[in-house]
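Geometric and topological summary
The primary structure of each chain is shown beneath.
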Amino acid sequence: MKITRVRTRVFEWKGHTVPAQPHFCSNAMDELWDKSDSMGTFRFHGWTTVEVETDTGIVGLGNVALAPRIAKAIIDQYLAPLVVGQDPFDYEYLWQRMYRSTHAWGRKGIGMAAISGVDIAIWDVMGKAVGKPVFKLLGGRTKEKIPCYASKLYRTDLKSMQEEAQSYLDQGFKAMKMRFGYGPKDGPTGMRENLNSVAAVREVIGEDIDLMLECYMGWNLEYTKRMLPRLERFQPRWLEEPVLADDIDGYAELNQLTSIPISGGEHEFTSYGFRQLLEKRAVSVIQYDTNRVGGITAAHKINAIAESFSVPVIPHAGQMHNYHLTMSTLASPMSEFFPVHDVEIGNELFYYLFEGDPEPVNGFLDLDDDTPGLGLTLNERYFDQFHIIE
Ligand SMILES: O=C(O)[C@H](O)[C@H](O)[C@@H](O)CO
Ligand SMILES: [Mg+2]
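What counts as what
Residues numbered from 1 in each chain as written. Chains lettered and ligands numbered in written order. Predicted model: local features only at pLDDT ≥ 70, side-chain atom pairs only at ≥ 80, totals over all residues. Heavy atoms only, no water. Helix = DSSP H or I, 4+ residues; strand = E, 2+ residues; numbered from the N terminus. Buried < 20%, exposed > 50% of the residue type's maximum accessible area, 1.4 Å probe, protein only. Contact = heavy atoms within 4.5 Å. Near = heavy atom within 4 Å. Polar contact = N/O pair within 3.5 Å; in protein donor to acceptor, adjacent residues only side chain to side chain. Areas by Shrake-Rupley, 256 points an atom, 1.4 Å probe, with all protein chains shown as cover. 1 Å grid on protein atoms, 1.4 Å probe; cavity = no way out; pocket = protein on both sides within 12 Å on 5 of 7 lines; lining within 4 Å. Sits in = over half its atoms within 2 Å of the grid points. Nonpolar A, V, L, I, M, F, W, Y, C, P; charged D, E, K, R; others polar. Domains from an automatic or database assignment. Salt bridge = Lys/Arg side-chain N within 4 Å of Asp/Glu carboxyl O. Pairing = 2+ DSSP bridges. Right-handed = clockwise from strand over helix to strand, strands pointing away.

Here we look at the environment of Pro312
Here Pro312 lies in the loop between helix H11 (295-309) and helix H12 (320-327). By relative accessible area, which is 24% here, Pro312 ends up partly exposed. Distance from Pro312 to Leu138, taken between C-alpha atoms, is 17 Å for residues 174 residues apart in sequence. The contacts of Pro312, once residues within four sequence positions are left out, are Ser284, Val285, Ile286, Ala331 and Pro333.

As structure tokens, this is what we get:
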């Protein structure tokens, strides 16, 4: 079998989008004096699809969610020539070819996200070629069903957050993640706002539901040290990305500091990046996203490393390219799930672009044992809501 073509398309959402609101989600831009829409650069309203075609007529589908137009250019110009004419089953060799040839600029960030998109498509090809779901090529079914947590609860008025939390309880979720709206620049008032939002959600869900707290790189080491003792009483499952992704020593200091587990990894790349996080005990939960970290080839390696450190893997974003990794290893106990709703931050855009993702039932997802490959197709129903760049 040979790869004959790599087709990339960029899909830019032009449909209805929920308007941005202040203090929606603390993030890395908050510390800057510029008071514009700080979350603006972290909206995912575009996506790159990667279709790897073969001489047997099989087409594998991958995706990249970061900097879509750049990802397309990288794949078209640098990565496609490296894999066309090659056997997709030589996936490790092809991964190394893409990784090493772009090493000067692509080992982290958008370069590795582009490699991830091609790699995911290659794994979809292999699954389709052998008539097996990708998870069966990685380790098989390690769970009857995948527990998942509802992930939204961006900061808004407390009553609306309580109603949203209640809706996840009503759907049977046993875990959910909320976002903080305030950080260091908002001072004691912002701290109180942050604590009040956690108290409001905890009041609705009680003590027997896992509650995860998301900072999205919007805090810093000093502020987090002051917040952690104030958060202890809420017993969060984890505190996520309190500091910038490069502040690995800051992560490690926080992770040793209190009983609140620190999580991160959605902005880390390759097994080398996660070896560093794990060796430094920088996180208690790792959260790579398979369409960023180096694809399924890299994520599979990281699962094994994390298992040997007894650090659970709960990938960022759910979505099919991550569900197969979670299903295939006991090192990954659960998945994130983005509820489907009007396009807002953009994580939910995945459902407007792809079909096949499993629907959670009572807080659990399942994958089909007999659907070859990843089990995704493009959702042509919404194509008219996208500006498409071939
Ligand atoms: O953990 C997450 O789900 C990510 O950080 C979100 O994609 C991001 O939008 C912040 O909530
Ligand atoms: Mg996150």
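Following the structure, the description resumes.
A look at the site of ligand 1
In the region of ligand 1, 13 residues are neighbours, and Lys177, Arg179, Glu214, Glu240 and Glu336 sit closest. Within the side chain of Arg179, an N or O atom sits 2.7 Å from an oxygen atom of ligand 1. Contacts to ligand 1 include Glu266, whose side-chain N or O atom sits 2.9 Å from an oxygen atom. Computed on the free molecule, ligand 1 has an accessible area of 300 Å², of which 100% lies beneath the protein chains in the complex. When each cavity is represented as a set of grid points, ligand 1 is found to reside in the largest cavity. Its residues assigned to classes, the shell around ligand 1 comprises four nonpolar, three polar and six charged.

Looking at the domain arrangement of the protein chain
Reports of interface size often rely on the accessible area that becomes lost once the parts have come together. As far as domains go, the protein chain holds domain 1 (3-131) and domain 2 (137-379). Placing the centre of domain 1 and that of domain 2 at their C-alpha centroids yields a distance of 21 Å. Contact residues are listed per partner, giving 51 residues for domain 1 and 55 residues for domain 2. Our count for the contact surface shared by domain 1 and domain 2 stands at two salt bridges. Seen at the junction of domain 1 and domain 2, the total is 21 residue pairs in polar contact (both at pLDDT 80 or more). Counting residues per element, the ones that place at least two in the side of domain 1 that touches domain 2 are strand S1 (3-13), strand S2 (46-54), strand S3 (59-64), helix H2 (91-101) and helix H3 (110-130). Counting residues per element, the side of domain 1 that touches domain 2 draws most heavily on H3, which supplies eleven residues. Here the side of domain 1 that touches domain 2 is built from residues that sort into 25 nonpolar, 15 polar and eleven charged.

With respect to the pairing of strand S5 (residues 175-179)
The buried count for S5 comes to five of five residues, which makes it a mostly enclosed element. Here S5 shows no split at all, with Ala175, Lys177 and Arg179 on one side and Met176 and Met178 on the other all buried. Relative to S5, strand S4 (residues 146-151) runs parallel, the two being bridged by two bridges. In the sheet register, Ser151 faces S5, and the bridge partner there is Lys177. For the segment spanning S4, helix H5 (residues 158-170) and S5, crossover handedness is right-handed. Pairing between S5 and strand S6 (residues 210-214): five bridges, direction parallel. Across the sheet, residue Ala175 finds its bridge partner in S6, namely Asp210.

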